[in-house]
Amino acid sequence: MMLKVSELYIYPIKSLAGIPVKKAFVTSRGLGHDRRWLLVDENNCFITQREHHQMALLQVAIENDGLRVTHKVNNKSIFIPFYTPGTGHEQVMVTIWDDNCIAELVSAEADKWFTEMLGIKCRLVYMPDSTHRMVDQRYAKEDSITSFADAYPFLLVGQASLDNLNSRLTEALPMNRFRPNIVFTGGEPFGEDLYGHFTINNINFYGVKLCARCIMTTVDQDTAITGKEPLKTLAKYRFKNNKILFGQNLIHKGEGGIAVGDELIVLQKNVDERFLV
């Protein structure tokens, strides 16, 4: 069965609501605008929905010359202009997982707005092109870089995998619980586990690590309310080495456009035991 890209998502500000798009440009560190902005606490450490579920209520939209962030409940919004190099923003060292990297403060106005909306002291930073954050070298040796994503520039999920999960749940869950970048149709449930090398529009992608899922998948992205699913059900049949696995982390080679409807062509399968669940 032909595999086709069915959905594309970008998440300009890490851990805020994602944006479905019909087409996107693949850059050296992921899809254009994806996770280039980050919210950090008073110690310049990254913050996410894992601890602050209310972040799901901040919806991001891309406008001609910047981002528009709107609170889904009170409808208050802020406009964040796209980054312009050489504009003198203060640089700070930020921490994301085990990485420390240079970022630039966006504005005092943004800091105040996000602090008010989330009820926690925070600041908004941006990753300039001069910052090169390496992917997790334990699984990918190709010196690939990423943005403020957890560890890799892309996450791939098959629609058949979500359909399989939903067939086991009392109430079906939407794809946004899993925050993928690329969703595809066709193939068997969890077929993406074994996609070692594939192409989309002549851009090469490589599956390097199954994605271990956390409590964020239990946060309703429309209400910020949490529950036990999908982790409770996934743990029954997608559990390995004390991790719940759903989706495949990718690195890539090449740049260019990809779009919904593009064919996904698998060239090589993963055979290592760590890809077998």
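Before any of the text, the structure's been laid out above.
The rules behind each value
Residues numbered from 1 in each chain as written. Predicted model: local features only at pLDDT ≥ 70, side-chain atom pairs only at ≥ 80, totals over all residues. Heavy atoms only, no water. Salt bridge = Lys/Arg side-chain N within 4 Å of Asp/Glu carboxyl O. Helix = DSSP H or I, 4+ residues; strand = E, 2+ residues; numbered from the N terminus. Buried < 20%, exposed > 50% of the residue type's maximum accessible area, 1.4 Å probe, protein only. Arc of directions from axis to C-beta. Contact = heavy atoms within 4.5 Å.

**Q** Give a description of the pattern of salt bridges that names residues and reports values.
**A** Going through the model one piece at a time under the given rule, you end up with 10 salt bridges. Asp-150 serves as the salt-bridge partner of Arg-50, at 2.6 Å between the closest nitrogen and oxygen. Of the two residues, Arg-50 is situated in the loop between strand E5 (37–40) and strand E6 (58–63) and Asp-150 in the loop between strand E13 (145–146) and strand E14 (154–158); the sequence distance between them amounts to 100 residues. Judged by its relative accessible area of 32%, Asp-150 falls in the partly exposed class. When the shortest N-O distance is used, the salt bridge between Arg-133 and Asp-99 registers 2.9 Å. One end of the pair, Arg-133, is in strand E12 (residues 133–134); the other, Asp-99, is in strand E10 (residues 99–105), and 34 residues separate them in sequence.

**Q** Kindly report on unusual backbone geometry, identifying the contributing residues and their values.
**A** Omega for the peptide link from Glu-229 to Pro-230 comes to 10 degrees, which places this bond in the cis form. Along the polypeptide, Pro-230 turns up in the loop between strand E17 (203–212) and helix H3 (231–237). Of note in the backbone geometry, Ser-15 takes a positive phi value of approximately 80 degrees without being a glycine. Examined against the element boundaries, Ser-15 turns out to sit in the loop between strand E1 (3–10) and strand E2 (19–21).

**Q** Quick one: what's the story with helix H1 (residues 108–118), residue by residue and with numbers?
**A** Buried residues of H1: Ala-110, Asp-111, Trp-113, Phe-114, Met-117 and Leu-118, and no others. Here the buried residues of H1 occupy an arc of 165 degrees about the axis, which is enough to place them on one side. Residues of H1 that are exposed and point over 90 degrees away from its buried face: Ala-108, Glu-109 and Lys-112. Tucked into the core, H1 has its buried residues touching E5, E6, strand E7 (66–71), strand E8 (77–81) and strand E11 (123–126). Within two residues after H1, Gly-119 carries a phi angle of roughly 75 degrees, on the positive side.

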